[in-house]
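Architecture at a glance
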Amino acid sequence: MAKDKDSKKKAHDKKNEDGEKAGGKLKEKDYQKELQKLHVELVKLQEWVKFKGLKVCVVFEGRDGAGKGGVIKAITERVSPRVFRVMALPAPSEREKTQMYAQRYIPLLPAAGEIVIFDRSWYNRAGVERVMGFCTEEQARKFLEGLPLVERAMVESGIILIKYWLEVSPDEQTRRLEGRIDDGRKIWKLSPMDLKSYTRWDDYTKARDEMFAKTDSSWAPWYVANSDDKKRMRLNLITHLLSKIPYKEAPREKVELPSRKKVAKSKSDYVFKVIPELF
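Residues numbered from 1 in each chain as written. Predicted model: local features only at pLDDT ≥ 70, side-chain atom pairs only at ≥ 80, totals over all residues. Heavy atoms only, no water.

Looking at the overall build of the chain
Within the chain one finds 10 helices and 5 strands. The C-alpha radius of gyration of the chain comes to 24 Å, more than 25% above the 19 Å expected for a compact globule of 279 residues. Expressed as lengths along the three principal axes of its C-alpha atoms, the size of the chain is roughly 80 × 70 × 45 Å. Long-range contacts, defined here as pairs at least 24 residues apart, represent 79% of the contacts in the chain between residues at least 6 apart. (Helix = DSSP H or I, 4+ residues; strand = E, 2+ residues; numbered from the N terminus. Rg over C-alpha atoms; globule rule 2.2 N^0.38 Å. Contact = heavy atoms within 4.5 Å.)

Spelled out as C-alpha cells, the structure:
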C-alpha cells in the first residue's frame, strides 16, 4: 500500500514538473535544440525557393520592443543573405515624401528565388505615421482603403505574402525598453521616437485594430504572435512560417571534397600584419 502511495506521489510530482516545464521559462538548451531543427528546415526552404523560383514576402509589424529584430535574426542567422533579404527602411527622404506612398516599397519586393523580410513595412502609414502625426487622417484612411487592392495585385503576381503582428503586453514592453537604457548593446534601439510612442499605447491599439479591420483579407491575412516570451514566440512563428510555404527538399548532387595537392611545408616569405592575440 505504501508503495502505491509513493508511486502515485512520484507520478503527481512528475506531472507537476512537466506542467511547469510546459508553461514556464524555456531552458536555453531546449530552445537551441528546437531552433537548430528549424534552421535545417529554413535551409531546405531556401533551396526550394531557389529551385522553384518562388517569390516570398514576409512582413513584421508590432509595437516598439515587441521582438521583431530578434525573430528576424533567428530566421536569417543560418541562411543566405542573397536569398533572405531583410529590409528595414529609414525615414523617407524629401523626394520620397512626394512620391505615391507605396512607390518606395515596390522595387524591394521579391523576384524569383527570393524571400524578402520587411522589418516594418508600408504599414508604417497605418501605425507610427498616423499615431505620431506624420500623415493626416485622410491620408491614413485612403491608404487603408486602397491597400487590400495593392496586396491582391502582389499575390496575383505570384508573391506569397505573409503578415505577422507581434503582440507584447504593456508591462513587458516597459521592461524591455527600460532594459535598453543602460545596456550599451541595445541603446541604439531606443530612439526619441520610441520614447514618444511609448506614451501613446491606447492610440496605437486603436490604430492597430482599424488596420486589422481594413487589411485582414482572405488573400493577405494577418497572423498574431504573442511575444511576451520571446523564445517561445520565435519557435512558434518560424514553425508557422514554414507551414505557410509549401516546400520539399530540392534535388542536389552529393557533395564530396575533391582531393587536394600536397601542401608545401615551406613558409611564405611575406611578412603578414597579424592582429594582436589578446584572448
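With respect to helix α7 (residues 170-181)
Counted at 1.5 Å a residue, the expected span for α7 with its 12 residues is 16 Å, and the 17 Å between its end C-alpha atoms agrees. Among all positions in α7, only Glu-172, Gln-173, Arg-176, Leu-177 and Arg-180 are buried. Taken around the axis of α7, the buried residues stretch over an arc of 130°, which confines them to a single face. Projecting away from the buried face of α7 at angles above 90 degrees are the exposed residues Asp-171 and Glu-178. Among the structural elements, α8 (192-198), α9 (201-215) and α10 (230-244) are those in contact with the buried residues of α7. (Expected span 1.5 Å × (residues − 1). Buried < 20%, exposed > 50% of the residue type's maximum accessible area, 1.4 Å probe, protein only. Arc of directions from axis to C-beta.)

Some remarks on the environment of Glu-210
Residue placement: Glu-210 occurs in helix α9. Along the backbone, Glu-210 and Gly-127 are 83 residues apart, and their C-alpha atoms lie at a distance of 9.9 Å.

Remarks on α9
Between its terminal C-alpha atoms α9 stretches 21 Å, which fits the 21 Å expected from 15 residues at 1.5 Å a residue. All of the buried residues along α9 are Trp-201, Tyr-204, Thr-205, Ala-207, Arg-208, Met-211, Phe-212 and Thr-215. Angular distribution of buried residues about the axis of α9 spans 165°; they occupy a single face of the element. Residues of α9 that are exposed and angled more than 90 degrees away from the buried face: Asp-202, Lys-206 and Ala-213. Turning to α9, the residues buried within the fold contact α5 (128-131), α6 (137-156), β4 (159-167), α7, α8 and β5 (222-226).

Observations concerning the nonpolar core
Within the largest apolar cluster, 32 residues are counted, with the highest numbers of intra-cluster contacts made by Phe-60, Ile-75 and Leu-237. Looking at this core, the elements that each hand over two or more residues are α2 (28-52), β1 (55-62), α3 (68-76), β3 (114-119), β4 and α10. Core analysis: the second largest hydrophobic core is formed by 23 residues, Leu-147, Leu-161, Trp-165 and Met-211 among them. (Core = buried A, V, L, I, M, F, W, Y, C linked by side-chain atoms within 4.5 Å.)

So, the sheet that holds β5
The strand order across the open sheet formed by 5 strands is β2-β3-β1-β4-β5, and the pairing between neighbours is parallel. Single-partner strands in this sheet number two, and they are β2 (84-87) and β5. If you compare each strand with its neighbour and ignore which way they point, the axes differ by 20° on average. Sheet analysis places β2 next to β3, joined by 4 bridges and oriented parallel. Across the sheet, residue Val-86 finds its bridge partner in β3, namely Ile-117. Here α9 sits on the sheet in contact with β4 and β5, set at roughly 155° to β4. (Pairing = 2+ DSSP bridges. Axes fitted to C-alpha atoms, helices over the stretch in contact; angles between N-to-C directions.)

Digging into the pairing of β3
Counting buried positions over the 6 residues of β3 gives 5, a clear majority of the element. Bridging between β1 and β3 involves 6 bridges; their strand directions are parallel. Looking at β3, one finds that Lys-55 is bridged to Glu-114.

Some thoughts on unusual backbone geometry
You will see that Arg-120, though not glycine, has its phi angle at about 70°, which is positive. Locating Arg-120 in the fold gives a position in the loop between β3 and α5.

Re the confidence of the model for the chain
Low-pLDDT stretches of the model should not have their predicted coordinates read in fine detail. The share of residues in the chain with pLDDT of 70 or more is 92%, and the mean pLDDT across the chain is 91. Low pLDDT, under 50, characterises residues 11-21; the stretch is placed with 1 contact to residues that sit more than four places away or in other chains. (pLDDT = per-residue confidence, 0-100.)

Section: the side chain of Glu-129
Mapped onto the fold, Glu-129 is located in helix α5. If we skip the residues at most four places from it in the chain, Glu-129 touches Tyr-101, Asn-124, Phe-134 and Cys-135.

Thoughts on the packing of α6 against α9
Running from amino to carboxyl end, α6 crosses α9 at an angle of 45°, the nearest separation of the two axes being 9 Å. By the angle class used here, α6 and α9 are oblique. For the element pair α6 and α9, the recorded crossing hand is right-handed. From α6, Leu-144, Leu-147, Pro-148 and Glu-151 reach across to α9, where they touch Glu-210, Met-211, Lys-214 and Thr-215. (Parallel < 35°, antiparallel > 145°, perpendicular 65-115°, else oblique. Left-handed = near helix turned anticlockwise from the far one by under 90°.)

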